[in-house]
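# Inside the fold
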Amino acid sequence: SAKVSAAKPVQLTAANSSSTGTSAKQPLSFQAFYNNYRDGPGIWKWSNALVAYDRFLSPLAGQPLKLAEVGIQSGGSVRMWRSVLGPQCHIYGIDINPAVGKFQDPMTTITIGDQADANMWANFFNVQVKSPIDALIDDGGHEAHQMMVTLESVFDNLTPGGIIALEDIHGEHYVDSFFTPAARYLAGKASAGQLSSVHIFPFLLIAKRAGNDFRAPLYY
């Protein structure tokens, strides 16, 4: 697993030498950001999640995006999304702790609310965001009922090709409490032609909405 880091984002671009001896700058990846983070707001992400985000989100870097994260805690992940995805990415942080309001700025909107409350989500999309979002990262309470409310509230509010990622799903109890109802819900979306794909990584589930599979590769 990835270590806990509290770090200053090093503004890296990886330089790869070509056979001609020239160097080509590569965009900053989530893995590179995390591995080079040394001081600043705390952040903790499993390494497999970073690999997944490099697959599904890194190809969108530099575009106008709307990304929401449940559970921003120390604020380090807000810095990570911004550093990797670029200044055109508007970040929506959702947390139950009012103290995270300090992370709000012109491109970061903070919502204080309970992810298990469907009314909170309705207000979030209808009043605050007022449009679909490109990605939702659930790093909140990790209780099965919280994740199900989040999945059911967010999926229909994703842009075509948008993703929802639910983190830290580990333990046998999640099979019946989360994976079974989530599979039933997503099967219904697939039957309606609204689901592009589902991806299971260790401790992580990603569901991709149908409609624009060229935004990020299905095969990696």
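Look a little higher up for the structure.
Moving on, we come to the packing of aromatic side chains. Counted by the stated rule, this structure contains 11 aromatic pairs. On the numbers, 6.1 Å between centres and 25 degrees between planes, the contact of Trp121 with Phe125 is stacked. One end of the pair, Trp121, and the other, Phe125, are both in helix α4 (residues 118-129), 4 residues apart, so they sit about a helical turn from each other. For Phe125, a relative accessible area of 5% translates into the label buried. Chaining the aromatic ring pairs together yields one cluster made of Tyr92, Trp121, Phe124 and Phe125.

The next subject is unusual backbone geometry. Despite not being glycine, Gln73 has its phi angle at roughly 45 degrees, a positive value. If you check the backbone angles, Lys130 has positive phi at about 60 degrees while not being a glycine. In this structure, Lys130 sits in the loop between α4 and β8 (133-138).

What follows concerns the pattern of salt bridges. The tally for this structure, following the rule as stated, stands at 5 salt bridges. Of the charged contacts in the structure, one is a salt bridge between Asp139 and Lys45, with a shortest N-O distance of 3.2 Å. Residue Asp139 is found in the loop between β8 and α5 (144-154), and its partner Lys45 is found in the loop between β4 (42-44) and α2 (47-56); the two are separated by 94 residues along the sequence. Given a relative accessible area of 16%, Asp139 falls into the buried group.

Axes are the key here: two packed helices are described by the angle between their axes and the distance separating the axes. The N-to-C vectors of α5 and helix α6 (residues 174-191) enclose an angle of 10 degrees; their axes lie 9 Å apart at closest approach. Compared by their axis directions, α5 and α6 come out roughly parallel. Touching Ala144, Met147, Met148, Leu151 and Glu152 of α5 are Tyr174, Ser177, Phe178, Pro181, Ala182, Tyr185 and Leu186, all from α6. Grouping the constituent residues of the contact of α5 with α6 by class yields 10 nonpolar, 1 polar and 1 charged.

Overall, mixed pairing links the 7 strands, which are arranged β7-β6-β5-β8-β9-β11-β10 in an open sheet. In this open sheet, the two strands that pair with only one neighbour each are β7 (108-112) and β10 (195-201). Neighbour-to-neighbour, the strand axes of this sheet turn through a mean angle of 15 degrees, independent of strand direction. Both β10 and strand β11 (residues 204-209) contribute to a ladder of 6 bridges, which runs antiparallel. Paired with His199 across the bridge in β11 is Ile206. Strand contacts of α6: β9 (158-167), β10 and β11, with the helix running at about 155 degrees to β10, the strand carrying the most contacts.

The buried count for strand β6 (residues 89-95) comes to 7 of 7 residues, which makes it a mostly enclosed element. With burial as the criterion, each face of β6 is covered, one bearing Cys89, Ile91, Gly93 and Asp95 and the other bearing His90, Tyr92 and Ile94. The sheet contact formed by strand β5 (residues 65-70) and β6 spans 6 bridges and is parallel. Considered in β6, the bridge of Glu69 is made with Gly93. With 5 bridges joining them, β6 and β7 adopt parallel strand pairing. The partner of Ile94 across the bridge, within β7, is Thr111.

For the rest of this paragraph, the subject is the nonpolar core. Membership of the largest hydrophobic core comes to 33 residues, with the highest contact counts inside it found for Phe30, Tyr53, Leu57, Met80, Trp81, Leu204 and Ile206. Sorting the residues of this core by element identifies α1 (30-35), α2, β5, α3 (76-85), β6, β8, β9 and β11 as the ones contributing at least two each. Residue contacts for Leu57: discarding those within four places in its chain leaves Phe30, Leu67, Trp81, Leu85, Ala135, Ile137 and Ile163. Among the nonpolar cores identified, the runner-up in size contains 30 residues, and Val129, Ala182, Leu186 and Ala207 belong to it.

Where α4 contacts α5, the axes come no closer than 10 Å and their chain directions differ by 30 degrees. Taken as a pair, α4 and α5 cross one another with a handedness that is right-handed. Between α4 and α5, the residues in contact are Ala118, Trp121 and Phe125 and Val149, Thr150, Ser153 and Val154, respectively. Residue composition of the contact of α4 with α5, grouped by class: 5 nonpolar, 2 polar and no charged.

About the cut-offs
Residues numbered from 1 in each chain as written. Predicted model: local features only at pLDDT ≥ 70, side-chain atom pairs only at ≥ 80, totals over all residues. Heavy atoms only, no water. Phe/Tyr/Trp six-rings, centres within 6.5 Å; stacked < 30°, edge-to-face > 60°. Helix = DSSP H or I, 4+ residues; strand = E, 2+ residues; numbered from the N terminus. Buried < 20%, exposed > 50% of the residue type's maximum accessible area, 1.4 Å probe, protein only. Salt bridge = Lys/Arg side-chain N within 4 Å of Asp/Glu carboxyl O. Axes fitted to C-alpha atoms, helices over the stretch in contact; angles between N-to-C directions. Parallel < 35°, antiparallel > 145°, perpendicular 65-115°, else oblique. Contact = heavy atoms within 4.5 Å. Nonpolar A, V, L, I, M, F, W, Y, C, P; charged D, E, K, R; others polar. Pairing = 2+ DSSP bridges. Core = buried A, V, L, I, M, F, W, Y, C linked by side-chain atoms within 4.5 Å. Left-handed = near helix turned anticlockwise from the far one by under 90°.

That's the geometry; what it means functionally is another story.
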